[in-house]
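Structure assessment
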Amino acid sequence: MRTLRARLLAATAAVLAAVLTALALFSARVTRIELHRLENVLVSERHMTQSAEPVRRALEEAYRSAGSWATEMARSAVARAAAAAGREIVVLDEEGRVAARSPGLAGATIARIFGGALQVDSPSRGGARILIRAPSTPVSDAAGRVVGRFYLIPASHAALEPARSFAGSANRWLAGAALAAGLVA
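Small disclaimer: the values here were computed from a predicted structure and weren't measured.

Time to look at the nonpolar core. Judged by nonpolar contacts, the single largest core of 16 residues is most densely connected at Val55, Leu59, Trp69, Ile89, Val91 and Phe150. The set of elements that each furnish at least two residues to this core consists of α2 (52-66), α3 (72-85), β1 (88-93) and β7 (146-153). Apart from residues lying up to four places away in sequence, Val55 is in contact with Ala81, Ala85, Ile89, Phe150 and Leu152. Counting residues in hydrophobic clusters, the runner-up holds 11 residues, among them Leu92, Ile110, Val120 and Ile132.

Turning our eyes to something else, we now look at the pattern of salt bridges. Across all of its chains, the model carries eight salt bridges by this definition. The salt bridge partner of Glu53 is Arg56, with a shortest N-O separation of 2.1 Å. Residue Glu53 and its partner Arg56 are both found in helix α2; the two are separated by three residues, about one turn of the helix. Linking Glu53 and Arg57 is a salt bridge whose minimum nitrogen-to-oxygen distance equals 3.6 Å. Linking Glu53 with Arg57, this pair stays in helix α2, spanning four residues, or about one helical turn. One network of salt bridges, in which partners are shared, links Glu53, Arg56, Arg57, Glu60 and Arg64.

Another aspect to go through is the environment of Ile132. If you trace the backbone, Ile132 turns up in strand β5 (residues 128-132). Each C-alpha atom of the pair Ile132 and Leu152 lies 8.6 Å from the other, and the pair is 20 residues apart in sequence.

Another point: the packing of aromatic side chains. A complete count under the given rule lists one aromatic pair for this structure. Taken together, a centroid distance of 5.0 Å and an interplanar angle of 45 degrees make the contact between Tyr63 and Trp69 tilted. In this structure, Tyr63 and Trp69 share a single accessibility class: buried.

Counting buried residues in β7 gives six out of eight residues, a clear majority hidden from the surface. As judged from the six bridges shared by β1 and β7, these two strands associate in the antiparallel manner. Bridging across to β7, Glu88 finds its partner in Ile153. With four bridges connecting them, strand β6 (residues 137-140) and β7 associate as antiparallel partners. Across the sheet, Pro138 pairs through a bridge with Arg149, a residue of β7. Hairpin remark: β6 followed by β7, antiparallel, with five residues in the connecting loop; positive phi at Gly144, about 90 degrees.

Conventions we followed
- Residues numbered from 1 in each chain as written.
- Predicted model: local features only at pLDDT ≥ 70, side-chain atom pairs only at ≥ 80, totals over all residues.
- Heavy atoms only, no water.
- Core = buried A, V, L, I, M, F, W, Y, C linked by side-chain atoms within 4.5 Å.
- Buried < 20%, exposed > 50% of the residue type's maximum accessible area, 1.4 Å probe, protein only.
- Helix = DSSP H or I, 4+ residues; strand = E, 2+ residues; numbered from the N terminus.
- Contact = heavy atoms within 4.5 Å.
- Salt bridge = Lys/Arg side-chain N within 4 Å of Asp/Glu carboxyl O.
- Phe/Tyr/Trp six-rings, centres within 6.5 Å; stacked < 30°, edge-to-face > 60°.
- Pairing = 2+ DSSP bridges.

So this is what it looks like as structure tokens:
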């Protein structure tokens, strides 16, 4: 009887070790794939950040000409810069209040939240909430004084989806692997 019990215990331990090893290898592979996908998104975002420089120059020129964000000249410069960048733009004044926005954000509720992030509730995007955690880009006047900051908002939620879904995707694969491992055990 002891021999049968010992053999069953050894077989169970071997199956458990095999399942845990397979789960660890599988999770490492999925994590590596998802990290590579996330890295591609971040590289793309870095490229988008570099594309903020022409927008900054256009907004600085408009502010210097208009002397304020509250003019039609400044608002039309924001609209032109957004069209040229292919992204929506939100400009905040020195106090952090929304000073101007691109036409695609008309009717959107925009607020700064904890940590300097920007929250955009946009009815034009199906009532979706967008959180922009990227740093804002400063806009200076002719004297070099910062007169505002702007955020570039991705043109679609699809641009944000890979970064947001990294943890969820890896967790779904791990849950599936754990379920399969449990069935095998």
